[in-house]
Amino acid sequence: MDDNRWVDDRLASVDPGDWKPDSSAAFSGLMQRNAAQAAQPARNRWWVWATVSATAAAVAIAMLLLSAPPACANPLGCKPASQPAPAPVADPAPPSAPAPVAAAPAAPASTQAHKRTFKESGSPTAPITCEVYTDYQCPHCAKFYTETVPQLMADYVKTGKVRFIHRDFPLPQHPYARLAAQYANAAGQLGYYDTVVAQLFRTQGIWSGDGDPGLQVESILPPAVMEKVRALVKNDPAPKASIDLDMEMVREDQVNQTPTLVIVWNGRRQVMPGSISFPLLKSFLDDLLSRK
Amino acid sequence: MEIQADSFDFEAFFHVHYERIARVIARVVGDHGRAEDLAAEAFWKLWRTPRAQGESAAGWLYRTAVRMGLNELRSGQRRSRYEALSEPPPGTPTPEEAHASAEEREQVRRILAMLRPQQAELLILRASGLSYDELASALDLNAASVGTLISRAQQAFRKEYVKQYGTRQNGR
């Protein structure tokens, strides 16, 4: 008998047979573990946070020393850092008047994040905050937004249990995601944020193909409003600035995919990458709420 | 910062891979309950490691799972108890058959624990049904060399088995 067959026969003896593990129960267990860890009192994990903070500080200092030598270290020369590439439509002449968002002093994202904007829903005093990073061209985000978010809104946000914040994370491989976010943010300035976000996700397959999210937005907004939205997208830096603020949060939370949910509870930010179904999110939130 | 292509649906990924991962670990450690614990631990690590998520997540997960199983096996602390608690042989074997079957499983696992880690991982994952491409991805190998490496691992397994237990039983 050759080695191949002989070894296969030996290894077959340890085959688990007909045993079929229960993935649903296992996944629920995983979510409960996640919830339990998120809810663990800070005093029980003070040493973890102390260690993490000390390590982060050491790394930050090392990075600073390495990346900021006394001489200009830019291999391309001492030029200002290049600006992000402009979105396809956004190529306007400078606005005639300074825009309020662009003129605002650059504060750290974490300090600006608490300011209430059109991207935020629900009670500011809700015990839990759910922040969702999405990319308008991401199909998983569309699914999450059309399936999970409405139930989250109905059961938790409108009942005062959860504050909800939508954040933009246009991925570089999606050429129209940033433009779509600009349309949503421009509409948000005029009070139509939720309507336009829903429309963009609903018609994602159309405008991802023709590259014109504005056309889909136009189909649901009154003409006069749409005219203002287009003007804002074209001339106003605020819709882009809103994206940039969210991108600062992307870096702070170390998000690297969409959708990503961040649950803020008891002063802790729990980053949960990937699309999460409502039943699982519900069990997670209920668990946190029961610990009040 | 690494930007992953599109999104990683963790929940869907979990349900697709959980059973297979748990069975891979069960093959190594023997105890089904412990296998489920370790499988959950492997997914927990994946959940907490965003950089491992994406296209290569399956390979990362199989590699992690089989290594966790082998580490558990090598620790050997609770293995005897596991054997006593689980894996009843199919049907209604005689006490002699049951003893022989349990002994063979014990011997196979003992040999796996003695092999070089990569060889043990290859044999376990191959026996669990992974293709050559999946093996290459999971163990970070050149796909063209997987066949050769499996063959060497099989030779090493048989050599060690015969060395430990002689040619009696099935060691012809």
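These figures come from a predicted structure and were not determined experimentally.

**Looking at the sheet that holds strand S2 (residues 128-134) of chain A**
Residue and element names in this part refer to chain A. In space, the five strands of this open sheet follow the order S1-S3-S2-S4-S5, with mixed pairing throughout. Of all strands in the sheet, those with a lone pairing partner are strand S1 (120-121) and strand S5 (268-273), marking the two edges. Note that S2 and strand S4 (residues 260-265) share six bridges and pair antiparallel. Bridge pairing in S4 places Tyr133 opposite Thr260.

**A short note on the interface of chain B and chain A**
Contact residues are listed per partner, giving 43 residues for chain B and 40 residues for chain A. The greatest single-element share of the side of chain B that touches chain A, amounting to 10 residues, is contributed by helix H1 (residues 10-29) of chain B. When its residues are assigned to classes, the side of chain B that touches chain A shows 21 nonpolar, nine polar and 13 charged.

**Considering the environment of Leu130 of chain B**
Residues and elements named next belong to chain B. Note on placement: Leu130 falls in the loop between helix H6 (117-127) and helix H7 (132-139). We classify Leu130 as buried; it has 23 C-beta atoms within 10 Å. Separated by 110 residues in sequence, Leu130 and Arg20 have C-alpha atoms that sit 10.0 Å apart. Apart from the residues within four sequence positions on either side, Leu130 is in contact with Tyr62, Leu125, Leu135 and Ala138.

**Quick notes on the nonpolar core**
Of all hydrophobic cores here, the largest spans 108 residues; its most connected members are Ala180, Tyr183 and Ala187 of chain A together with Ile25, Ala39 and Ala65 of chain B. Beyond its immediate chain neighbours, meaning those up to four positions away, Ala39 of chain B contacts Ala26 of chain A together with Tyr18, Ile21, Ala22, Ile25 and Ala65 of chain B.

**Some points on the packing of helix H7 (residues 177-189) of chain A against helix H12 (residues 238-253) of chain A**
Residues and elements named next belong to chain A. Contact geometry of H7 with H12 gives a least axis separation of 8 Å together with a crossing angle of 115°. If you check the angle between H7 and H12, you find them roughly perpendicular. Considering only the axes of H7 and H12, their crossing is right-handed. Between H7 and H12, the residues in contact are Arg178, Ala181, Gln182, Asn185, Ala186 and Gln189 and Ala238, Pro239, Lys240, Ser242 and Ile243, respectively. Split into classes, the residues belonging to the contact of H7 with H12 amount to five nonpolar, four polar and two charged.

**A few points about H6 of chain B**
All names here are of chain B. The element H6 is largely enclosed, with a buried count of eight among its 11 residues. Every buried residue belonging to H6 is among Gln119, Ala120, Glu121, Leu122, Leu123, Ile124, Leu125 and Arg126, and all of these are buried. Downstream of H6 by one or two residues, Gly129 has phi in the positive range, about 100°.

**Looking at unusual backbone geometry**
Residues and elements named next belong to chain A. The step from Thr258 to Pro259 runs through a cis peptide bond, and the omega angle for that step is -10°. With respect to the helices and strands, the residue Pro259 is situated in the loop between H12 and S4. If you check the backbone angles, Gln254 has positive phi at about 55° while not being a glycine. As for its position among the elements, Gln254 is in the loop between H12 and S4. The exposure class assigned to Gln254 is partly exposed, which follows from the 13 C-beta atoms found within 10 Å.

**A few points about the packing of H7 of chain A against helix H8 (residues 193-202) of chain A**
Residues and elements named next belong to chain A. Look at H7 against H8: their axes get within 7 Å of each other, and the N-to-C directions meet at 155°. Accordingly, the angle class assigned to the pair H7 and H8 is roughly antiparallel. The element H7 and its partner H8 pack so that their crossing is right-handed. Contacts between H7 and H8 involve Ala180, Tyr183, Ala184, Ala187 and Gly188 from the first element and Tyr193, Val196, Val197 and Leu200 from the second. Considered class by class, the residues forming the contact of H7 with H8 number eight nonpolar, one polar and no charged.

Cut-offs and rules
Residues numbered from 1 in each chain as written. Chains lettered and ligands numbered in written order. Predicted model: local features only at pLDDT ≥ 70, side-chain atom pairs only at ≥ 80, totals over all residues. Pairing = 2+ DSSP bridges. Helix = DSSP H or I, 4+ residues; strand = E, 2+ residues; numbered from the N terminus. Contact = placed C-beta atoms within 7 Å. Nonpolar A, V, L, I, M, F, W, Y, C, P; charged D, E, K, R; others polar. Buried ≥ 20, exposed ≤ 12 C-beta atoms within 10 Å, placed from the backbone. Core = buried A, V, L, I, M, F, W, Y, C linked by C-beta atoms within 7 Å. Axes fitted to C-alpha atoms, helices over the stretch in contact; angles between N-to-C directions. Parallel < 35°, antiparallel > 145°, perpendicular 65-115°, else oblique. Left-handed = near helix turned anticlockwise from the far one by under 90°.

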